[in-house]
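Reading the structure
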Amino acid sequence: MDITSIIGFLFGTAFIVISCVLDTSNGFAINFGQIMSFVDYPSIMITIGGTICSLMIAFPLSDLAKVPKHLKIIFFPPKYKPEIYIEQITEFAQKARVNGLLALEEDIDNIDDPFMKSSLMMVVDSVEPEKVKAHLEAQLDYLDERHAAGRAIYDRGSQFAPAFGMIGTLIGLINLLGNLDDISSVAPNMAVALITTFYGSIMANFIFLPISSKLAVRHDQEYLCKVIICEGIQGIQAGENPRFIEERLAHLLPAGKYQIQGEEEGRGKGKSKGKRR
């Protein structure tokens, strides 16, 4: 569960509602009757309805059907720990260096990650290194394209919502200017003119853009782990030194994120020697 996303959504909603019902004319009193001033059904139809319909025109139903899955990824994300992948690949490299690549076959069934499992299977099956590299790079490209297509829904939504807010504003102003003689129509038309912009801004900056940004974060986390697998598997197939593989994969992470086992042991010995002196 992503606590920050849940807290951000709940507190953001609370702040918006409180700002709508806060009556500063009576010393920061709460007047829940004011909330109805921000509810306008024609504005909802123009902004929310128009944005949803535009998304339906812009994207196929198969893409829109993935929205619940995207929301689940935001609030209940899969856990990607690159450190664990590095440790696992280092163990495989050590075993392959001692016992050969075929010795890894017994470990394949115990791998949970499907991408690592299929990648290691190609190595055990003696697929040519060039084909393994091309296949892994293609998988990374597919992952990038697939996730970018998912984020495109929310990027477009962040553009459509303010646009329909502006359309609602124009409709309200046109109706207002066309009925200036009728004083009773001024307030409803002005409400449509202003509230549609309010709805469009809320949808763009509180819904669509945050979702797109968080999906990008999730993509970066998964993509990093996939890159670690690709680099590690190719190093294992090439018969590289396990320590060299570990160091190279560790450099893909931020400084201090991963502690190489040999360096950690070396520091421990250095500290112990210092104490003896």
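This is a predicted model, so every value here is computed, not measured.

How each quantity is defined
Residues numbered from 1 in each chain as written. Predicted model: local features only at pLDDT ≥ 70, side-chain atom pairs only at ≥ 80, totals over all residues. Heavy atoms only, no water. Helix = DSSP H or I, 4+ residues; strand = E, 2+ residues; numbered from the N terminus. Rg over C-alpha atoms; globule rule 2.2 N^0.38 Å. Buried < 20%, exposed > 50% of the residue type's maximum accessible area, 1.4 Å probe, protein only. Contact = heavy atoms within 4.5 Å. Phe/Tyr/Trp six-rings, centres within 6.5 Å; stacked < 30°, edge-to-face > 60°. Expected span 1.5 Å × (residues − 1). Bend = angle between axes of the 7 residues up to and from the residue. Salt bridge = Lys/Arg side-chain N within 4 Å of Asp/Glu carboxyl O. Axes fitted to C-alpha atoms, helices over the stretch in contact; angles between N-to-C directions. Parallel < 35°, antiparallel > 145°, perpendicular 65-115°, else oblique. Nonpolar A, V, L, I, M, F, W, Y, C, P; charged D, E, K, R; others polar. pLDDT = per-residue confidence, 0-100. Left-handed = near helix turned anticlockwise from the far one by under 90°.

1. A short note on the overall build of the protein
Within the protein, the secondary structure is distributed over eleven helices and two strands. In sequence order, the secondary structure elements of the protein are arranged as α-β-β-α-α-α-α-α-α-α-α-α-α. Relative to the 2.2 N^0.38 estimate, which gives 19 Å for 277 residues, the radius of gyration of the protein is 28 Å and therefore markedly larger than a compact globule would have. In terms of overall dimensions, the protein has C-alpha extents of about 90 × 55 × 25 Å along its principal axes. A buried classification covers 35% of the 277 residues belonging to the protein. Of the contacts formed within the protein by residues at least 6 apart in sequence, a portion of 71% connects residues at least 24 apart.

2. Here we look at unusual backbone geometry
Unusually for a residue other than glycine, Ser 126 sits at a positive phi of about 60 degrees. Mapped onto the elements, Ser 126 comes out in the loop between helix H7 (114-124) and helix H8 (129-178).

3. Regarding the packing of aromatic side chains
Evaluated as defined, the whole model comprises five aromatic pairs. Centroid distance Phe 11 to Phe 15: 6.0 Å. Interplanar angle 65 degrees. Geometry classified as edge-to-face. Taken together, the positions of Phe 11 and Phe 15, both in helix H1 (residues 3-21) and four residues apart, correspond to about one turn of that helix. For Phe 15, a relative accessible area of 56% puts it in the exposed group. Each ring, one from Phe 38 and one from Phe 198, has its centre 5.7 Å from the other, and the planes form 50 degrees; the classification is tilted. With a gap of 160 residues between them, Phe 38 in the loop between strand E2 (29-30) and helix H2 (41-58) and Phe 198 in helix H9 (residues 186-237) connect regions that are remote in the sequence. You can call Phe 38 partly exposed: its relative accessible area is 30%. The structure contains a cluster of three or more aromatic residues connected by ring pairs, namely Phe 9, Phe 75 and Phe 206.

4. Concerning H8
Its 50 residues give H8 an end-to-end C-alpha distance of 73 Å, which sits within 8% of 74 Å, the value for a rise of 1.5 Å per residue. At Arg 151, H8 shows its largest bend, some 30 degrees.

5. Describing the pattern of salt bridges
Note that side chains of opposite charge can pair when their charged atoms are close. Per the counting criterion, the structure on display carries seven salt bridges. Note that Lys 95 is salt-bridged to Asp 107, the shortest N-O span being 2.9 Å. Here Lys 95, found in helix H5 (residues 82-99), pairs with Asp 107, found in helix H6 (residues 105-108); they are twelve residues apart in sequence, far enough to count as distant. The residues Lys 95 and Asp 107 share a single accessibility class, namely buried. Measuring nitrogen to oxygen at the nearest pair gives 3.3 Å for the salt bridge that ties Arg 243 to Glu 247. Here the residue Arg 243 and the residue Glu 247 both occupy positions in helix H10 (residues 242-250), the gap between them amounting to four residues, near one helical turn. Residue Arg 243 is classed as partly exposed on the basis of its relative accessible area, which comes to 38%.

6. Things to note about the packing of H8 against H9
Across the interface, H8 lies against H9 with an axial gap of 7 Å and an inter-helix angle of 175 degrees. Taken together, the axes of H8 and H9 are roughly antiparallel relative to one another. Of the residues contributing to the contact of H8 with H9, the split by class is 25 nonpolar, 16 polar and six charged.

7. Concerning the confidence of the model for the protein
Of all residues in the protein, 92% have pLDDT values of 70 or greater, and the mean over the chain is 85. Mean pLDDT across the elements of the protein bottoms out in helix H11 (residues 261-276) (46) and peaks in helix H4 (residues 67-75) (93). A low-confidence stretch, residues 264-277 stays under pLDDT 50, and its non-local contacts, those more than four residues away or across chains, total two contacts.

8. As for the side chain of Lys 214
With respect to the helices and strands, the residue Lys 214 is situated in helix H9. In this structure Lys 214 touches Asp 2, Thr 4, Ser 5 and Ile 74, once residues within four positions along its chain are discounted.

9. Some points on the packing of H5 against H10
Between H5 and H10, the least distance of the axes is 9 Å, while the angle of their chain directions is 160 degrees. Relative to H10, the element H5 is oriented roughly antiparallel. For the pair H5 and H10, the crossing hand works out as right-handed. Together, Ile 86, Ile 89, Thr 90, Ala 93, Gln 94 and Arg 97 of H5 and Pro 242, Ile 245, Glu 246, Leu 249 and Ala 250 of H10 make up the contact between the two elements. Residues belonging to the contact of H5 with H10 are distributed by class as follows: seven nonpolar, two polar and two charged.

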